[in-house]
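Residue strings, one per chain:
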Amino acid sequence: LAKTTQPISMDSYEGQEVNITCSHNNIATNDYITWYQQFPSQGPRFIIQGYKTKVTNEVASLFIPADRKSSTLSLPRVSLSDTAVYYCLVGARDDKIIFGKGTRLHILP
Amino acid sequence: DSGVTQTPKHLITATGQRVTLRCSPRSGDLSVYWYQQSLDQGLQFLIQYYNGEERAKGNILERFSAQQFPDLHSELNLSSLELGDSALYFCASSVVPQDEQYFGPGTRLTVT
């Protein structure tokens, strides 16, 4: 069961790149790493998923070092609308799922 | 719009009562998950189904039960409700376990 640790909160400014790191020291060989974004009173929204090295899509990049014990979500040029809670999720097919408390990201003008 | 639907959107009921929350997954998704989120808390995983079978169980209370039907929709039953059960209940679906999950808009349950 892979437990994750993330910073509780982060502040940044509009137009900056934001990197949120998640530690998952006991990640298993077949675990994927998935990040979600949640706005108040809404269901979480899938951002990106990866297994190793680097994954990029239209909204974010995910960096995973060779030992896979951590991962970093990178949000380029954030805006006020990126203010949300970001969750890192590491899990295998039959594990119970632990979202953790997430990182509360606050973007300032 | 994630493609996952949940009904009802809001539910107000009294302590001791029983309610049923309904979820329809995205077309083609075989896995359904249920989560509870209390005010300003993280997401608590309750239970997961895959193609009608229970796949994984979280900290789901004995007063709560769920099932996934042959048409893949799912229902979460909450009984003997307590004030502390007031929360947002989310359903999510994915094609197979560990794929990215798509969440519904949630059901806000208020127990008075």
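One can find the structure itself at the top, above this paragraph.
No experiment lies behind these values; they were computed from the predicted model shown.

> What is the right way to look at the side chain of S74 of chain A in this model?
Residue and element names in this part refer to chain A. Relative to the helices and strands, S74 is located in strand β7 (residues 70-75). Exposure remark for S74: the relative accessible area of 4% places this residue in the buried category. Polar side-chain contacts of S74 include one of 2.9 Å to the side chain of N19. Contacts of S74, omitting those with residues within four sequence positions, involve E17, V18, N19, A60, S61 and F63.

> Got a minute to help me understand the pairing of strand β6 (residues 61-64) of chain A in this structure?
Note on strand geometry: in a regular strand, side chains alternate between the two faces of the sheet. All names here are of chain A. Relative to β6, strand β5 (residues 53-56) runs antiparallel, the two being bridged by four bridges. Following the sheet pairing, T53 is matched in β6 by I64. The antiparallel hairpin formed by β5 and β6 contains four residues in its connecting segment. In this structure, β6 lies alongside β7, joined through three bridges in antiparallel fashion. Following the sheet pairing, S61 is matched in β7 by S74. The turn linking β6 back onto β7 is made up of five residues, and R68 within it adopts a positive phi angle of 60°.

> For this particular structure, what's the right way to read the sheet that holds strand β3 (residues 32-38) of chain A?
In a beta sheet, neighbouring strands are held together by backbone hydrogen bonds and run either parallel or antiparallel to one another. Residue and element names in this part refer to chain A. Taken together, five strands build an open sheet; the order of strands is β1-β9-β8-β3-β4 and the sheet is mixed. In this open sheet, the two edge strands, each paired with only one partner strand, are β1 (9-13) and β4 (45-50). For this sheet the average axis-to-axis angle between neighbouring strands, irrespective of direction, equals 25°. Sheet analysis places β3 next to strand β8 (residues 84-91), joined by seven bridges and oriented antiparallel. Across the sheet, residue Q37 finds its bridge partner in β8, namely Y86.

> Sorry, what's going on with the packing of aromatic side chains here?
Two aromatic rings are characterised by how far apart their centres lie and by the angle between their planes. Scanning the entire structure with this criterion turns up twelve aromatic pairs over all chains. Geometrically, the ring pair formed by Y87 of chain A and F99 of chain A is edge-to-face, given 5.5 Å between the ring centres and 80° between the ring planes. Of this pair, Y87 of chain A sits in strand β8 while F99 of chain A sits in the loop between β8 and β9 (103-108), placing them twelve residues apart in sequence. Overall, the relative accessible area of 3% leaves Y87 of chain A in the buried class. For F99 of chain A, a relative accessible area of 1% puts it in the buried group. Ring centres of Y35 of chain B and F103 of chain B lie 5.3 Å apart, and the angle between their planes is 35°; on these two criteria the pair is classed as tilted. Taken as a pair, Y35 of chain B in strand β4 (residues 31-37) and F103 of chain B in strand β10 (residues 102-103) lie far apart in primary sequence, 68 residues in all. It is R68 of chain A that lies over the ring of Y51 of chain A; its NZ or CZ is 4.0 Å from the centre.

Cut-offs applied
Residues numbered from 1 in each chain as written. Chains lettered and ligands numbered in written order. Predicted model: local features only at pLDDT ≥ 70, side-chain atom pairs only at ≥ 80, totals over all residues. Heavy atoms only, no water. Helix = DSSP H or I, 4+ residues; strand = E, 2+ residues; numbered from the N terminus. Buried < 20%, exposed > 50% of the residue type's maximum accessible area, 1.4 Å probe, protein only. Polar contact = N/O pair within 3.5 Å; in protein donor to acceptor, adjacent residues only side chain to side chain. Contact = heavy atoms within 4.5 Å. Pairing = 2+ DSSP bridges. Axes fitted to C-alpha atoms, helices over the stretch in contact; angles between N-to-C directions. Phe/Tyr/Trp six-rings, centres within 6.5 Å; stacked < 30°, edge-to-face > 60°. Lys NZ or Arg CZ within 6 Å of the ring centre and 35° of its normal.

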